[in-house]
Amino acid sequence: MLCAERMQRIVQAIILGLIMGLAGSKMFAAAFILTFAMMLMLFIAGVTGFCPGLMILKKIFPPCECGETKEQ
């Protein structure tokens, strides 16, 4: 089942794919701006623990279980 943290990683992968597409179509300014914005947000989230995107996703999806283990 999708949880907020996994969904955040999926959204990040989609954004990185969009950036690659922009760079491939020679829209380097837009690719640079999106890359810089994503780097800034990831840095702020890493240093402070504040992530607005994750807060929004936690309202839509349940948070992931920290000690989640699957038994077979």
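Above this text sits the structure in question.
Residues numbered from 1 in each chain as written. Predicted model: local features only at pLDDT ≥ 70, side-chain atom pairs only at ≥ 80, totals over all residues. Heavy atoms only, no water.

Undergrad: Would you mind showing me how to read the nonpolar core here?
TA: Generally speaking, nonpolar side chains in soluble globular proteins are found buried as a group. One finds Ala4, Met7, Cys51, Leu54 and Leu57 forming the largest nonpolar core, which totals five residues. Breaking this core down by element, the ones donating at least two residues are α1 (4-24) and α3 (52-60). Beyond its immediate sequence surroundings of up to four residues, Ala4 is in contact with Leu54, Leu57, Lys58, Phe61, Pro62, Pro63 and Cys64. (Core = buried A, V, L, I, M, F, W, Y, C linked by side-chain atoms within 4.5 Å. Buried < 20%, exposed > 50% of the residue type's maximum accessible area, 1.4 Å probe, protein only. Helix = DSSP H or I, 4+ residues; strand = E, 2+ residues; numbered from the N terminus. Contact = heavy atoms within 4.5 Å.)

Undergrad: I keep staring at α1 and nothing clicks. Help me out?
TA: Think of an α-helix as 3.6 residues a turn; residues three or four steps apart then line up on the same face. End to end, α1 covers 30 Å across 21 residues, agreeing with the expected 30 Å (1.5 Å per residue, within 8%). Listed in full, the buried residues belonging to α1 are Ala4, Glu5, Met7, Gln8, Ile19 and Leu22. For α1, the angular spread of buried residues about the axis comes to 155°, placing them on one side. Of the exposed residues in α1, those oriented more than 90 degrees away from the buried face are Arg9, Ile14, Met20 and Gly24. Those residues of α1 hidden inside the fold are in contact with α2 (28-48) and α3. (Expected span 1.5 Å × (residues − 1). Arc of directions from axis to C-beta.)

Undergrad: How do you make sense of unusual backbone geometry when you look at a structure like this?
TA: Note: most peptide bonds trans; most residues except glycine with negative phi. Positive phi values are uncommon outside glycine, yet Lys26 reaches one of about 60°. With respect to the helices and strands, Lys26 occurs in the loop between α1 and α2.

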